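# Survey of secondary and tertiary structure
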Amino acid sequence: MKLLLKNRGALLILMFNLLLVFSGIGLVIPIMPKFMESLGITGGIIGLLVAAFSLTQLLCSPFAGRLADSFGRKRMIVLGLIVFAFSEILYGITSSPGLLFVSRMLGGISAAMNMPAIMAYAADITTKEERAAGMGYINAAITTGFIIGPGIGGYIAEFGIRVPFYVAGVAAIIAACITFFILPESLPSKENIADTPSSTVKRSGLLSQLRYTYREPYFLSLIIVFVMSFGLANFETVFGLFVDHKFGFEPKDIAFIITFGSIAGAVVQATAFSWILKRFGEQRVIALCLFFASLFILLILFVHTFWMIFAVTFIIFLAIDILRPAISTQMSMVAKDQQGYVAGLNSAFTSLGNIAGPIAAGFLFDLDVNYPYILACMILIICFVLAVKGKKNNLQDANAAS
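Residues numbered from 1 in each chain as written. Predicted model: local features only at pLDDT ≥ 70, side-chain atom pairs only at ≥ 80, totals over all residues. Heavy atoms only, no water.

Residues of helix α13 (residues 273-280) that are buried: F273, S274, I276 and L277. All buried residues of α13 lie within an arc of 165° about the axis, which places them on one face of the element. When the buried face of α13 is taken as reference, the exposed residues oriented beyond 90 degrees from it are W275 and K278. (Buried < 20%, exposed > 50% of the residue type's maximum accessible area, 1.4 Å probe, protein only. Helix = DSSP H or I, 4+ residues; strand = E, 2+ residues; numbered from the N terminus. Arc of directions from axis to C-beta.)

Right, let's talk about the confidence of the model for the chain for a bit. Per-residue confidence for the chain gives a mean pLDDT of 76, with 77% of residues at or over 70. At the level of individual helices and strands, the chain shows its lowest average pLDDT in helix α9 (residues 199-202), which scores 43, and its highest in helix α5 (residues 73-93), which scores 91. The low-confidence segment residues 189-203, where pLDDT is below 50, has 19 contacts with residues more than four positions distant or belonging to other chains. Overall, residues 397-402 carries pLDDT values under 50, and its contacts beyond four positions in sequence, including any with other chains, amount to zero contacts. (pLDDT = per-residue confidence, 0-100. Contact = heavy atoms within 4.5 Å.)

A word on the pattern of salt bridges. If you walk through the whole model with that rule in mind, you get three salt bridges. Between R73 and D69 there is a salt bridge, with the nearest N and O atoms lying 2.7 Å from each other. Accessibility assignment for this pair places R73 and D69 in one class, buried. Here E88 makes a salt bridge to R104, at a shortest N to O gap of 3.1 Å. Taken together, the positions of E88 in helix α5 and R104 in helix α6 (residues 97-124) put the pair 16 residues apart, joining distant regions of the chain. Given a relative accessible area of 2%, E88 falls into the buried group. Salt bridges here are not isolated pairs; linked through shared partners, they connect D69, R73 and D124. (Salt bridge = Lys/Arg side-chain N within 4 Å of Asp/Glu carboxyl O.)

A contiguous nonpolar patch, built from L288, F291, F292, L295, L298, L299, F302, I381 and V385 and spanning about 730 Å² of accessible area, is present on the exposed surface. Where the nonpolar patch is concerned, the elements lending two or more residues are α14 (282-299) and α17 (371-401). At six residues, α14 tops the list of elements feeding residues into the nonpolar patch. Secondary-structure assignment places L288 in helix α14. (Patch = residues over 30% accessible without salt bridge, like charges linked within 9 Å, V, L, I, M, F, W, Y side chains within 5 Å. Areas by Shrake-Rupley, 256 points an atom, 1.4 Å probe, with all protein chains shown as cover.)

Put into structure tokens, the structure is as follows:
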């Protein structure tokens, strides 16, 4: 672990940036009802704002990933933080729905600039043996940001409904300055980067990139990324409505279940994830997480007490929190000199899931409260079968090579 220890400072800066960005995204959750009331906007507008963020991130992620390979990881991270700061401050000062959409779209652009560059940077400064630990730390920062964001937002809102947005903006500017002055560039020199068969795809547009990803060795991983994001967004979007309609849970009950599950996932990512991947391997971990996530999403339809629902939800969050960095690690292993490009595709497929998941969940929930989880279970089972099939193909290829 010498190299990882050597680059501990750089990794800590990356984790701080992600913690900041995802805390900023999460802090809006507890104040949104009052914010909606103060602006006189409807829940439908809020849904469109969420979709605008994810759609913009989707459209920009592959392009941002290519820039991270050519323009530099550090520059993209700094620019992404500046754009994020501007989007948060704009969200805080505006009273116009149109400017709210501009703010959320800028937020999506900032996420597209930051995520591929940070993932690629983490891959640059770790060896293959250290990659799992590095990705575990990065994803733990993301999870922790989602955990503490709502709590921070609720506390800061005591000083004013718009203050959390200003605080997030100022913090992002500080993070950008720290990154600019302290974080070294990790991108290898251009002379050491050779063209690959995928270079023609790298220069093409988003639709071409998505269309031709089936040719790449990481295509199955991208499909799993989409399914995971779809399932998680599906699960989280209607979870509060689901337990409210079926069991009459209070907001504090729902917050306790989600927060505790997220904390457990962050702890596992930061401590035991590297050991898990070394002990079982990426492919097996991915398959097992998909299986347990699908099984326990189905089980949530048949449990009725608070603690049983808590236990089932805990396993779901834990499986997904292990699955996310496992897929990132697997894809970084085959990306070679395309770390930024592949990380951009990873972000793009995540955005696709984040767009489709809530839409499908909302529509199905209106039909029947159980339908969203039935669909999520079916999709994850199919993906589990694909993961097992991919593992068998890899074993056959390895035997043929030997």
